[in-house]
Amino acid sequence: MTAARERLLELIKDKAIVHGRVTLSSGKEADYYVDLRRITLDGEAAPLVGDVMLDLVSDLGVEAVGGLTMGADPVATAMLHAAHRRSQHLDAFVVRKAEKAHGLQRRVEGPDIAGRKVLVVEDTSTTGGSPLTALSACRDAGAEVVAVAVIADRASGAEEKVREAGVPYLAAYSLGDLGLD
């Protein structure tokens, strides 16, 4: 495990895991919540997110990264900055929840992704709904989605649904890594 990966795992365990009964966005209930926005928006952790996620997908030849706004935005931005620190070029994009009714009426904002290899990201996913929505929007925009990647996998169905959509599902950390299995 790299130093960045080890430190990010420590920060996730210390800052992002909240114990207690919660209702997830899927409507399911859980005895804990992994609040990764406490990580993706943290001054120390966000750069580590970029490094860990770039390492996770280093062999995919990704040209742009993004996903459904809001969970994907800081992950994509962290990766964009990490790539720049490594003298690599990586664009980011944002998938709106609904198409704009004014301006250019784009569903996918940022540099054009048509004809490009893109990675759909999310901080974590329970049912796969957000990454699948983003995957569909990216395909509609003419991109080749090479994978879906999350920081932490909740092991509750997202991986299976994403694979059924025809793309690999990657996670930097499992529930076991987080001590939650």
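First, a word on scope: everything that follows refers to the structure included in this document. Computed from a predicted model, the values in this text were never measured in an experiment.

Conventions and cut-offs
- Residues numbered from 1 in each chain as written.
- Predicted model: local features only at pLDDT ≥ 70, side-chain atom pairs only at ≥ 80, totals over all residues.
- Heavy atoms only, no water.
- Helix = DSSP H or I, 4+ residues; strand = E, 2+ residues; numbered from the N terminus.
- Rg over C-alpha atoms; globule rule 2.2 N^0.38 Å.
- Buried < 20%, exposed > 50% of the residue type's maximum accessible area, 1.4 Å probe, protein only.
- Contact = heavy atoms within 4.5 Å.
- Areas by Shrake-Rupley, 256 points an atom, 1.4 Å probe, with all protein chains shown as cover.
- Lys, Arg positive; Asp, Glu negative; His and termini not counted.
- Charge placed at Lys NZ, Arg CZ, Asp CG, Glu CD.
- Axes fitted to C-alpha atoms, helices over the stretch in contact; angles between N-to-C directions.
- Parallel < 35°, antiparallel > 145°, perpendicular 65-115°, else oblique.
- Nonpolar A, V, L, I, M, F, W, Y, C, P; charged D, E, K, R; others polar.
- Pairing = 2+ DSSP bridges.
- Salt bridge = Lys/Arg side-chain N within 4 Å of Asp/Glu carboxyl O.

## Considering the overall build of the protein chain
And then number 1: From N to C terminus, the protein chain includes six helices and eight strands.
And then number 2: Starting at the N terminus and ending at the C terminus, the protein chain contains elements arranged as α-β-β-α-α-β-α-β-β-β-α-β-α-β.
And then number 3: Relative to the 2.2 N^0.38 estimate, which gives 16 Å for 181 residues, the radius of gyration of the protein chain is 16 Å and therefore close to what a compact globule would have.
And then number 4: Each of the three principal axes of the protein chain carries a C-alpha extent, and together these read 45 × 40 × 30 Å.
And then number 5: A buried classification covers 46% of the 181 residues belonging to the protein chain.
And then number 6: Restricting the contact set of the protein chain to residue pairs at least 6 apart, pairs at least 24 apart contribute 66%.
And then number 7: Total accessible area on the protein chain is roughly 8,500 Å²; 48% of this is exposed by carbon and sulfur atoms.
And then number 8: Separation of charge centres in the protein chain, based on 21 positive and 27 negative side chains, amounts to 3 Å.

## Details of the packing of helix α3 (residues 45-56) against helix α4 (residues 72-85)
And then number 1: Interaxial distance between α3 and α4 falls to 7 Å at its minimum, and their mutual angle equals 75 degrees. As the angle between them shows, α3 and α4 are arranged roughly perpendicular. Residue-level inspection shows A46, P47, V49, G50, D51, M53 and L54 of α3 in contact with α4, the latter providing V75, A78, M79, A82, A83 and R85.
And then number 2: Taken together, the residues of the contact of α3 with α4 sort by class into ten nonpolar, one polar and two charged.

## Here's the deal with the sheet that holds strand β4 (residues 91-95)
And then number 1: Strand order in the open sheet made by the six strands is β5-β4-β3-β6-β7-β8, with mixed pairing throughout. A strand with exactly one partner marks an edge of an open sheet, and here the two such strands are β5 (108-109) and β8 (169-173).
And then number 2: For strand β3 (residues 64-68) and strand β6 (residues 117-125), the ladder comprises three bridges, and the chain directions are parallel. Within β6, the residue paired with V65 across the bridge is L119.
And then number 3: Sitting on the sheet, helix α5 (residues 129-140) touches β3, β4, β5, β6 and β7 (144-153), and the angle it makes with β6 is about 165 degrees.

## Focus on the pattern of salt bridges
And then number 1: Considering all chains together, one arrives at 14 salt bridges under this definition.
And then number 2: Of the charged contacts, one joins D51 and R85 as a salt bridge, the two residues approaching to 3.1 Å between their closest N and O atoms. With D51 in helix α3 and R85 in helix α4, the pair connects residues that are 34 residues apart, well separated along the chain.
And then number 3: Each of the salt bridges in this network shares a partner with another, and the network as a whole consists of D51, D55, R85 and R86.

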